[in-house]
Protein chains: 2
Amino acid sequence: MSKSIFYHAGCPVCISAEHDIVNLIGSENVEIVHIGEDRNRIAEAEAAGVTSVPALVTPNGNTLHINFGASMADVKG
Amino acid sequence: MSKSIFYHAGCPVCISAEHDIVNLIGSENVEIVHIGEDRNRIAEAEAAGVTSVPALVTPNGNTLHINFGASMADVKG
């Protein structure tokens, strides 16, 4: 993959971090995935190593967890 | 300021995140500060809201804490 993927769950911490990431790396370089709404991508996020949101999975597959918003357990409910 | 500032303390988590951030936003857009070595910048980092490293302070002053490596208390020793 050539884009980063930013996973979030709509929380205020997530939205703030989303704006920062888009400003930093450009909206054309990052796919935004709201896994609270797009729940069929939760498994994909977990497979990428996402344990909390917001998180950014880089093009080389590293996962950066940013300012803790919610655990994946919370997102899955 | 127009550059982001990436504060770290040399830990493996920090170095890994540094590489990811530099790849994502470009080395010309981020100043790397090793506050374990450059200890006179610890106060500046704390004033910017850095509570753990690695952390990225964006040009608009937001602080993104990335994959927890060490608390500021640990850095100060």
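Data block above holds the structure.
So, here's what we can say about the structure.

What counts, and where the lines are drawn
Here the residue numbers are simple positions, counted from 1 along each chain's written sequence. Key to labels: chains lettered from A, ligands numbered from 1, both in the order written. Given that this is a predicted model, residues contribute local features only at a pLDDT of at least 70 and side-chain atom pairs are listed and counted only at 80 or more, while totals for whole chains, interfaces and linings are drawn from all residues. Side-chain numbers here rest on the full set of heavy atoms in the structure, without hydrogens or water. Elements are defined by DSSP. Helices are runs of H or I of four residues or more, strands are runs of E of two residues or more, and each kind is numbered from the N terminus. Each residue is assigned to one of three classes by its accessible area relative to the maximum for its type, calculated with a 1.4 Å probe on protein chains only: buried under 20%, partly exposed between the two thresholds, exposed over 50%. Counted as positive: Lys and Arg. Counted as negative: Asp and Glu. His and the chain ends are not counted at all. Salt bridge, as applied in this entry: a Lys or Arg side-chain nitrogen positioned within 4 Å of an Asp or Glu carboxyl oxygen. For the purposes of these results, a polar contact is taken to be a pair of N or O atoms within 3.5 Å, where, inside protein, one atom must be able to donate a hydrogen and its partner to accept one; residues adjacent in sequence count only when each atom of the pair is a side-chain atom. Note on contacts: a residue pair qualifies if any of its non-hydrogen atoms lie within 4.5 Å across the two residues. Once two parts are joined, some of their accessible surface, as seen by a 1.4 Å probe, is lost; buried area is that loss totalled over both. Basically, the charged four are Asp, Glu, Lys and Arg, the nonpolar ten are Ala, Val, Leu, Ile, Met, Phe, Trp, Tyr, Cys and Pro, and anything else, Gly included, counts as polar. Alignment of the copies relies on least squares applied to C-alpha atoms, considering only residues that score at least 70 for pLDDT in both. What makes two strands pair is DSSP finding at least two bridges between them.

### Overview of the side chain of Asp20 of chain A
Within the element layout of this structure, Asp20 of chain A appears in helix H1 (residues 12-25). Summary of buried charges: Asp20 of chain A has no salt-bridge partner, and the nearest side chain of opposite charge, Arg41 of chain B, is 18 Å away. At a separation of 2.8 Å, a polar atom in the side chain of Asp20 of chain A contacts the side chain of Asn62 of chain B. The residues touching Asp20 of chain A, leaving out its near neighbours within four places in the chain, are Thr58, Asn60, Asn62 and Leu64 of chain B.

### Let's talk about the interface of chain B and chain A
Counting from both sides, the interface comprises 18 residues of chain B and, opposite them, 18 residues of chain A. Together, the buried faces of chain B and chain A total about 1200 Å²; carbon and sulfur atoms form 55% of this surface. Counting every contact that joins chain B to chain A gives zero salt bridges. Our count for the chain B to chain A interface comes out at six residue pairs in polar contact (both at pLDDT 80 or more). Of all the secondary-structure elements, those providing two or more residues to the side of chain B that touches chain A are helix H1 (12-25) and strand E4 (63-71) of chain B. Element by element, the count of residues in the side of chain B that touches chain A is highest for H1 of chain B, at seven residues. Its residues assigned to classes, the side of chain B that touches chain A comprises eight nonpolar, nine polar and one charged.

### Focus on the relation of the copies chain B and chain A
Once turned by 180° and shifted 0.0 Å along the axis, chain B lies on chain A with an RMSD of 0.0 Å. When the rotation and shift are considered jointly, the pair of chain copies conforms to a two-fold rotation axis. No C-alpha of chain B lies nearer the rotation axis than that of Ile66 of chain B, which sits 2.3 Å from it. A symmetric contact is evident, with 100% of the interface residues of chain B recurring at the interface of chain A.

### So, the pairing of strand E3 (residues 52-57) of chain A
All names here are of chain A. Extensive coverage of E3 is indicated by the burial of six of its six residues. Pairing between strand E1 (residues 4-8) and E3: three bridges, direction antiparallel. Bridge pairing in E3 links Ile5 to Val57. When E3 meets strand E4 (residues 63-71), the two strands line up antiparallel, connected through five bridges. Residue Val53 lies in a different strand from E4, and its bridge partner there is Ala70. Hairpin geometry of E3 and E4 is characterised by an intervening segment of five residues between the two adjacent antiparallel strands and by a positive phi of about 90° at Gly61.

### Focus: the side chain of Ser4 of chain A
Topologically, Ser4 of chain A is positioned in strand E1. Non-local contacts of Ser4 of chain A, meaning those with residues more than four positions away in its chain, are made with Ile25, Asn29, Val30, Glu31, Leu56, Val57, Thr58 and Pro59 of chain A together with Leu24 of chain B.

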